[in-house]
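Structure at a glance
As a plain string of letters, each chain reads:
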Amino acid sequence: MPRFDLYQEEYHPSPLQNVWIEFKRSHLAVVGLIFIVIFLLITIFVPILAPYNPDLQNTNTLLLPPAWEANGTISHLFGTDALGRDVFSRLLYGARVTFGSSLTIVFVAVLMGVGVGAIAGLLSGVRSSIVNHLFDSIMSIPTLLIAIVVVAIMGTGLYNTMFAITLALIPQFIHQTRSFVKAELSKNYVLLDKLDGASSVRIFFTSIIPSMFELIVVQATIALSIAILDISALGFLSLGAQNPRIELGQILSQSLETAYVAPWLIALPGLFIFMMVLAVNIVGEGLRSALRNRFNH
Amino acid sequence: MIKLFIRYINLMVLTIFALLVLSFILPFLFPGDLLTNISGITPETAEQRKVLEQAFMLNENIFAQFQMYIENLLSGNWGVSSSSQISLFEEISSAFPATLELVFYALLVATFVGIPVGFLAGLRHHNLADFSVVTFSIVGYSFPVFWLALVFITLFCLQLEWLPISGRIDLLFEIEHVTGFIFIDIFLSGLEESKAAFKDAVRHAILPTLSISIVTTALFVRFTRRSIMDVMEKGYIVAAKSRGFTQWQIFRKHSFKNALVPILPILALQISTLFTNAMIVETIFSWPGIGNWLIQAIYQQDYPAIRAGMLVVALFVLTLTITIEFITRAIDTTKDETARAAV
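Residues numbered from 1 in each chain as written. Chains lettered and ligands numbered in written order. Predicted model: local features only at pLDDT ≥ 70, side-chain atom pairs only at ≥ 80, totals over all residues.

Here we come to the overall build of chain A. For chain A, the count of helices and strands is ten helices and zero strands. A principal-axis box enclosing the C-alpha atoms of chain A has dimensions of 75 × 60 × 25 Å. Pairs at least 24 residues apart make up 69% of the contacts formed inside chain A by residues separated by at least 6 positions. (Helix = DSSP H or I, 4+ residues; strand = E, 2+ residues; numbered from the N terminus. Contact = placed C-beta atoms within 7 Å.)

Rendered as structure tokens:
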């Protein structure tokens, strides 16, 4: 028997769907999301997408300008560098390393940060206070300094700088999780769980995590943009990715030698990094305002 | 209040102690000879090694070594750089003020541009001006600083040839090093051409300051805008409006200070980003600051220098952050212990 319908639509979107509806209303945010998807596709499918081998040196075409300039050719879209390597392919491979390693960093930092933060939030007293203060202090040490110390101990390399940046990013997740868990523990729905006899671990996984999810996602977008900037900055200072590996910041620092004759070699890698960070920031901003306004209809 | 003060002093002492312990352990972790890592001198003979070991008490137990390390630190005897053999204390005291100078200019620009613009955008939100300010701020803090610096160099130094590429001041000016802050030093030097020197120093400072401050300004704009928008929705603002105050009166008496309170702790967090950016930009503009110096130390594997430089920068940033946090808490007594202003 069909149910009685007073209204045409009797459909209540879930909170997550509400976020998506609100997010879609901002066209800019959707464009940012499309860019992130493009960068993700580049990261995954770069061997198929890149027109040339990034290390292939074609000595007949050195320092070819980009295709839109008078002496450029369409076969090398962004021209070639001082060793005759195709810049477009190198940028795609570089974007893969930069974006991929930043994603990994944020993923690890979220896991570790939420884990430790949850423990610190569920515990209380001296232990919690020590954890809090210790990580607060790490948070205020400049990332570059942590990276310099890590590089001094372990040597240069992509993985070592990734480790350093992860170390610098974890504290903010710990802090956020800890304050959130602490605030949530005093709310009524958690009290209800407690009265039902749930253990604190169960409360964390079934009650707190679902409501914390969005906060963490927003925080992760901020962390992702910081991670991209830091990875490429360390690559630029030649502390990060070393030579056979291609990374956007490292491409930038290598093209400094030909800055006079080939300014596009400086402009393009930086533009790639900038677009990546901008897309992440726009999506983060869109997500934040969507979360703020999702129940305002 | 006193309780709060004691808590923060306690926190500061604990963190400083942790940092000291960390910097004490570092030479044990660095690759290479422990003695060279600590002293910066590579002993050539067995006797020299013995003397050095005696001086740094390497044969004693670890606590005696730590005590020795602290005593040396306090007496300004920080060892020598293993690449230049110059006393680290001297090198750092000439390099660190240069970085501070750069950070200070950037903070000045960010405060006097970012906060007013943020207020303007927040008060008249959802119109064209606000939209363009928001766009500028998102674009602004997405710039990689090192790229921004390079773009400025290619544009203003190589193409237009308006501004100098590197350094703090033209080498022709012989400015005596007194405080380390170039403008004060020029003032103190009493040179005849001090006006020309001043002008030259300003020209050198413009590009590095601009490259760092764009990112920080954009962040300040954003935080201020958010904060004033939140404040304007509060009940006491509505009450003031209903009593017939003008927008300006409300802003001056009610919302201005209340909007600044949540911004302060976020600004404290930005200091570490600011230092990172300043240190990166220094290497590009050959600004003789601590960032440039530390990066050179890494390239030359100068471990004593890395240790001392790290300790100084970290101590400074931590002290500054904790002080600002204390001030915030002292101003805003309602604030919960764990709460931190949302972005």
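The rest of the description comes next.
Counting secondary structure elements, chain B contains 13 helices and zero strands. Overall, chain B shows an N-to-C arrangement of helices and strands of α-α-α-α-α-α-α-α-α-α-α-α-α. Structurally, chain B occupies a C-alpha span of about 85 × 55 × 40 Å along its principal axes. By the burial criterion, 39% of the 343 residues in chain B qualify as buried. Look at the contacts in chain B between residues 6 or more apart in sequence, and 70% of them connect residues 24 or more apart. (Buried ≥ 20, exposed ≤ 12 C-beta atoms within 10 Å, placed from the backbone.)

What follows concerns unusual backbone geometry. Residues and elements named next belong to chain A. Non-glycine residue Ser 238 carries a positive phi angle of around 50°. Along the chain, the position of Ser 238 falls in the loop between α8 (200-236) and α9 (248-254). The exposure class assigned to Ser 238 is partly exposed, which follows from the 17 C-beta atoms found within 10 Å.

With that settled, the discussion passes to the nonpolar core. Counting residues in each nonpolar core, the largest one holds 153 residues, and the members touching the most others are Ala147(A), Ile148(A), Ala227(A), Ile228(A) and Ala149(B). It is α8(A) that provides the largest number of residues to this core, a total of 16 residues. Dropping the residues within four chain positions of it, Ala149(B) is found in contact with Ser211(B), Val281(B), Ile284(B) and Phe285(B). Ile169(B), Ile186(B), Ala197(B) and Ala205(B) belong to the second-largest nonpolar core, a separate cluster that totals six residues. (Core = buried A, V, L, I, M, F, W, Y, C linked by C-beta atoms within 7 Å.)

Attention shifts here to the packing of α8(A) against helix α10 (residues 264-293) of chain A. Residue and element names in this part refer to chain A. Between α8 and α10, the shortest axis-to-axis distance is 9 Å and the interhelical angle comes to 165°. Overall, the two elements α8 and α10 adopt an arrangement that is roughly antiparallel. Two packed elements cross with a definite hand, and for α8 against α10 that hand is left-handed. Residues Glu 214, Val 217, Val 218, Thr 221, Ile 222, Leu 224, Ser 225, Ile 228, Leu 229 and Ser 232 of α8 pack against Ile 273, Met 276, Val 277, Val 280, Asn 281, Val 283, Gly 284, Leu 287, Arg 288 and Leu 291 of α10. Taken together, the residues of the contact of α8 with α10 break down into 13 nonpolar, five polar and two charged. (Axes fitted to C-alpha atoms, helices over the stretch in contact; angles between N-to-C directions. Parallel < 35°, antiparallel > 145°, perpendicular 65-115°, else oblique. Left-handed = near helix turned anticlockwise from the far one by under 90°. Nonpolar A, V, L, I, M, F, W, Y, C, P; charged D, E, K, R; others polar.)

Now for the interface of chain B and chain A. With 38 residues of chain B in contact, the opposing surface of chain A contributes 35 residues. Sorting the residues of the side of chain B that touches chain A by element identifies α1 (2-29), α6 (128-140), α7 (145-159), α11 (247-285), α12 (290-299) and α13 (303-331) of chain B as the ones contributing at least two each. Here the side of chain B that touches chain A takes eight residues from α13(B), the largest share from any one element. Across the side of chain B that touches chain A, the residue classes break down as 29 nonpolar, eight polar and one charged.

Further remarks concern the packing of α10(A) against α7(B). Across the interface, α10(A) lies against α7(B) with an axial gap of 10 Å and an inter-helix angle of 145°. In the packing of α10(A) onto α7(B), the handedness of the crossing is left-handed. In this structure, α10(A) uses Ile266(A), Gly270(A), Ile273(A) and Phe274(A) to contact α7(B), whose residues at the interface are Trp147(B), Leu150(B), Val151(B) and Thr154(B). Here the residues of the contact of α10(A) with α7(B) are counted per class, giving six nonpolar, two polar and no charged.

The subject of this paragraph is the confidence of the model for chain B. All names here are of chain B. Of the residues in chain B, 94% have a pLDDT of 70 or more, and the chain-wide mean is 82. Per-residue pLDDT stays below 50 along residues 337-343; that stretch engages in nine contacts with residues further than four places along the chain or on separate chains. Under the prediction, the complex receives an ipTM of 0.84, its pTM being 0.87. (pLDDT = per-residue confidence, 0-100.)

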